[in-house]
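Report on the structure
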Amino acid sequence: MRGKSRKRSSKVIIEKQKPKVSTIVSEEESPISDYPISDEIQRRISMIGQGFHLKCSPDFPLFYEFCETLRADAPLAIYNLCDMAKDMKDRKKRQVCATTNHIGLMIDVTKNDIGYRPLNISYAELNKRLEDIVSEKSKERQLIKFAPIDELITCVQFANDEGDFGQGLELGLSILAFHPKAQPLETANIFNNKIKHLLSVGYTLANRKEFSQVIQSHMDDRRIEPLTFT
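Residues numbered from 1 in each chain as written. Predicted model: local features only at pLDDT ≥ 70, side-chain atom pairs only at ≥ 80, totals over all residues. Heavy atoms only, no water.

Turning our attention to unusual backbone geometry. The backbone phi angle of Thr99 is positive, close to 60°, even though this residue is not glycine. In this fold, Thr99 is placed in the loop between α3 (81–94) and α4 (123–135). (Helix = DSSP H or I, 4+ residues; strand = E, 2+ residues; numbered from the N terminus.)

A full pass over the atoms with the stated rule returns three aromatic pairs. Look at Phe178 and Phe191: their rings are 6.0 Å apart centre to centre, the planes differ by 80°, and that puts the pair in the edge-to-face class. With Phe178 in the loop between α7 (166–176) and α8 (192–205) and Phe191 in the loop between α7 and α8, this residue pair connects regions lying 13 residues apart in the sequence. Each member of the pair, Phe178 as well as Phe191, carries the same accessibility label: buried. (Phe/Tyr/Trp six-rings, centres within 6.5 Å; stacked < 30°, edge-to-face > 60°. Buried < 20%, exposed > 50% of the residue type's maximum accessible area, 1.4 Å probe, protein only.)

When charged atoms on two side chains of opposite charge get close, those side chains can pair. For the structure on display, the rule yields eight salt bridges. The residue Glu125 makes a salt bridge to Arg129 at a minimum N-O spacing of 3.0 Å. Taken together, the positions of Glu125 and Arg129, both in helix α4 and four residues apart, correspond to about one turn of that helix. For Arg129, a relative accessible area of 33% puts it in the partly exposed group. When the shortest N-O distance is used, the salt bridge between Glu136 and Lys145 registers 3.1 Å. Taken together, the shared-partner salt bridges connect Arg117, Glu162 and Asp164 into one network. (Salt bridge = Lys/Arg side-chain N within 4 Å of Asp/Glu carboxyl O.)

Shape is all these values report; function is a separate question.
Okay, structure coming up:
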């Protein structure tokens, strides 16, 4: 006859743990959030956001203030934003066109005016054409709306043959900077192959083969989401 099974009992000692106190400072308590932002700093933040599609970190005002204290000959010298603004003004004087991102394009045009010729379309009209393409749901109608862009690319090919490679760079950079208004950013990927062709050929003709390699790799795996800081 089997005996009754004995229940094994074990005493478990539960130590009372003290509640952990969070050392994370909330955004409301952070001194950075209370840091006064001048109109000049706000203008810089807007410029970085619009020109480079970057969202500045919360401590950018402190970083900007630090940059202003540095000199070019300082041991830990970095590129001062004030110097960048001055260089951008100087660049505008030497650029052959603004491009849609307003950074501009500089081409060493020869005495015979070889190197650049302007596009046959305004930036406003170009953006409108691109917007019409990404907004079209029908693939067949989308191909029809590509016709004006294909005509511009044909003109670029003639310009390249005659030494005016700057036109292809202008068109490629302008399409690259295009961001749809009412559509997700990923819809602009439909232009990747055309951007890749325009800029890779243009940079090669401009003797910037490294740039050509970079744009080809970028268009093969385009990361279009803007970089943000958390």
